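In case you want the letters, here they are:
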Amino acid sequence: MTIIFTKTELNNKTEIRGKLEEFTSTFKDISGNYNEDEIFSLVLSAIRVNEMNVVDIKKIKGRTQYIVDPEKIKYWIERRLVPNTLQISADDKELLKLLIFSLAIPYKMLRGETRAPMNAKVRRGEERYFEQICSDVFKGEIGEVAFKKFAKQKFGRDVTLDWRIDREIETFKSDIVDSKKIVSIKSTDTLESIWAEAPRNADYGILVKVSLPTSAV
């Protein structure tokens, strides 16, 4: 059985969820670590970027059809998603270091010891206060913690993350200390995100999808 989407439907999350509904629980069971909402978001992103050719694109009578085979989705989950998923416990040493770093940033801003001012705007008419700054930093850097663990588990490599707090704005160097290449590690806001913007001078961009309990952020 295959599922056919139009281009309009692929831009509509509700339409995709409805057509995948009968398969979502199966996808969840195969994934092991994700609930139904999380696995749907991940499958949605895989479909939209056609990761591992999960979508067969055909022109029929002048119209483009996007044909999704649930078996290909299962294969993607088993071969791509599951092997590249890792969990970080709340008492993980690197996570605790990140929390301390996130708490330190607002104080550094207050004392003028970092390049970003305390009242830096994030949305029109809103200021960044202590809790928001701490949350933004934590969510922004947790992808680096995840990649550090991933590099150790998958490749046996120890990497040192660059969490220096600079007063001056400098050209982006690398998120990994002593790397021969300039590496930018970015975390996504949601599991369905499909891209993140790296600095122009980066040699490599690493996209880390993060799922955090609401209470943690």
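Since this is a predicted model, take the numbers as computed values, not measurements.

Enquirer: Let's hear about the nonpolar core: which residues, and what values?
Expert: The biggest cluster of nonpolar side chains holds 24 residues, and the ones touching the most others in it are Val 43, Ile 47, Ile 73, Trp 76 and Ile 77. Of all the secondary-structure elements, those providing two or more residues to this core are β1 (3–5), α2 (13–31), α3 (36–49), β3 (63–68) and α4 (70–81). Looking at this core, the element that brings in the most residues is α3, giving seven residues. Ignoring anything within four residues of it in the chain, the contact list for Ile 73 reads Phe 27, Val 43, Ile 47, Val 54 and Val 68.

Enquirer: Residue-level account of a nonpolar patch on the surface, with values.
Expert: A surface patch of nonpolar side chains, about 330 Å² in accessible area, is lined by Val 49, Ile 194 and Trp 195. Secondary-structure assignment places Val 49 in helix α3. On the basis of relative accessibility, which here comes to 43%, the residue Val 49 falls in the partly exposed class.

Enquirer: So what's going on with unusual backbone geometry? Residues and values would help.
Expert: Glycine aside, the phi torsion of most residues is negative, and most peptide linkages are trans. The phi dihedral of Met 52 is positive, around 55°, even though this residue is not glycine. Looking at where Met 52 falls in the secondary structure, it is placed in the loop between α3 and β2 (55–60). For Met 52, a relative accessible area of 32% corresponds to the partly exposed category. If you check the backbone angles, Asn 53 has positive phi at about 55° while not being a glycine.

Enquirer: Give a description of the confidence of the model for the protein that names residues and reports values.
Expert: Within the protein, residue pLDDT values average 85, and 86% of them lie at 70 or more. When mean pLDDT is taken per element in the protein, α4 scores highest with 96 and helix α5 (residues 93–110) scores lowest with 84. The model gives residues 117–126 a pLDDT under 50, and that stretch makes 17 contacts with residues more than four places away or in other chains.

How each quantity is defined
- Residues numbered from 1 in each chain as written.
- Predicted model: local features only at pLDDT ≥ 70, side-chain atom pairs only at ≥ 80, totals over all residues.
- Heavy atoms only, no water.
- Core = buried A, V, L, I, M, F, W, Y, C linked by side-chain atoms within 4.5 Å.
- Buried < 20%, exposed > 50% of the residue type's maximum accessible area, 1.4 Å probe, protein only.
- Helix = DSSP H or I, 4+ residues; strand = E, 2+ residues; numbered from the N terminus.
- Contact = heavy atoms within 4.5 Å.
- Patch = residues over 30% accessible without salt bridge, like charges linked within 9 Å, V, L, I, M, F, W, Y side chains within 5 Å.
- Areas by Shrake-Rupley, 256 points an atom, 1.4 Å probe, with all protein chains shown as cover.
- Salt bridge = Lys/Arg side-chain N within 4 Å of Asp/Glu carboxyl O.
- pLDDT = per-residue confidence, 0-100.

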